[in-house]
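Chain by chain, the residues:
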Amino acid sequence: VASDDCSVMQEVRDLRPTWTFVGECDNASEDNGFVIAETKHWSVEQTDKHYEKFITEMIALASASYFIGISNTNVALFVYFMRHFDATDDTWIFVDGDKIPH
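Residues numbered from 1 in each chain as written. Predicted model: local features only at pLDDT ≥ 70, side-chain atom pairs only at ≥ 80, totals over all residues. Heavy atoms only, no water.

Draft legend 1. Region of interest: the pattern of salt bridges. Evaluation of the coordinates by the stated rule reveals two salt bridges. Between D26 and R13 there is a salt bridge; the shortest N-O distance is 3.0 Å. In this pair, D26 is assigned in the loop between α1 (9-15) and α2 (44-63) and R13 in helix α1, connecting sequence segments 13 residues apart. Residue classification places D26 among the partly exposed residues on the basis of a relative accessible area of 48%. Looking at R13, the relative accessible area reads 24%, which means it is partly exposed. Ionic pairing is found between E57 and K53, a salt bridge with its closest N-O pair at 3.0 Å. Of this pair, E57 and K53 both sit in helix α2, four residues apart, roughly one helical turn. Among the residues examined, K53 registers a relative accessible area of 6% and is labelled buried. (Salt bridge = Lys/Arg side-chain N within 4 Å of Asp/Glu carboxyl O. Helix = DSSP H or I, 4+ residues; strand = E, 2+ residues; numbered from the N terminus. Buried < 20%, exposed > 50% of the residue type's maximum accessible area, 1.4 Å probe, protein only.)

The structure is reproduced here in structure tokens:
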């Protein structure tokens, strides 16, 4: 699971207690979502940790057997084009409608 708002992870785990969720949020600093205005107050270590999480999540999403997400983020579209050329559109689902880039 990838999210810029790691506060949702406990809710997701509570909704599906028999599932095992794996993600970078367990080690993240953005507990209540990514706010770009706050980045100017980050230390070098916080900045490095954020980008390590972000890039790791993008690689994981691009490599996943299935992608389920929302269409209104640049990240989702970027990850779509990062996917392997063998990945087919039936492994890519937007929960807010069929807005697959064709």
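Picking up after the structure, the text goes on.
Draft legend 2. Geometry of the nonpolar core. The biggest cluster of nonpolar side chains holds eight residues, and these are M58, A62, F67, A76, V79, Y80, W92 and F94. Those elements that place two or more of their residues in this core are α2, α3 (74-82) and β2 (92-94). In terms of residue count, the dominant contributor to this core is α3 (three residues). Those residues in contact with V79 that sit more than four places away from it in its chain are M58, L61, A62, F67 and W92. (Core = buried A, V, L, I, M, F, W, Y, C linked by side-chain atoms within 4.5 Å. Contact = heavy atoms within 4.5 Å.)

Draft legend 3. Looking closely at the side chain of S71. Among the structural elements, S71 can be located in the loop between β1 (67-69) and α3. Among the residues examined, S71 registers a relative accessible area of 15% and is labelled buried.

Draft legend 4. Quick look at α2. Its 20 residues place the ends of α2 28 Å apart at the C-alpha level, agreeing with the 28 Å of an ideal helix rising 1.5 Å per residue. If you check which residues of α2 are buried, you get H50, K53, E57, M58 and A62. The arc enclosing the buried residues of α2, seen along the axis, measures out at 160°, which places them on a common side. Residues of α2 that are exposed and point more than 90 degrees away from the buried face comprise V44, E45, D48, E52 and S63. (Expected span 1.5 Å × (residues − 1). Arc of directions from axis to C-beta.)

Draft legend 5. Layout of the packing of aromatic side chains. For the coordinates displayed, the defined rule picks out six aromatic pairs. Taking 3.8 Å as the distance between ring centres and 10° as the angle between the ring planes, the aromatic pair formed by F67 and W92 counts as stacked. Pair noted here: F67 is in strand β1 and W92 is in strand β2, with a separation of 25 residues, a long-range link. The exposure class of W92 is buried, given its relative accessible area of 2%. Summarising the aromatic geometry, the rings of Y80 and W92 are spaced 4.9 Å apart at their centres and angled 75° between planes, so their arrangement reads as edge-to-face. Of this pair, Y80 sits in helix α3 while W92 sits in strand β2, and the two are twelve residues apart along the sequence. Residue Y80 shares its accessibility class with W92, and that shared class is buried. In textbook terms, an aromatic cluster arises when at least three aromatic residues are bridged by ring pairs, as seen for F67, Y80, F81, W92 and F94. In this structure, R16 packs its charged tip against the face of W19, placed 5.3 Å from the ring centre. (Phe/Tyr/Trp six-rings, centres within 6.5 Å; stacked < 30°, edge-to-face > 60°. Lys NZ or Arg CZ within 6 Å of the ring centre and 35° of its normal.)

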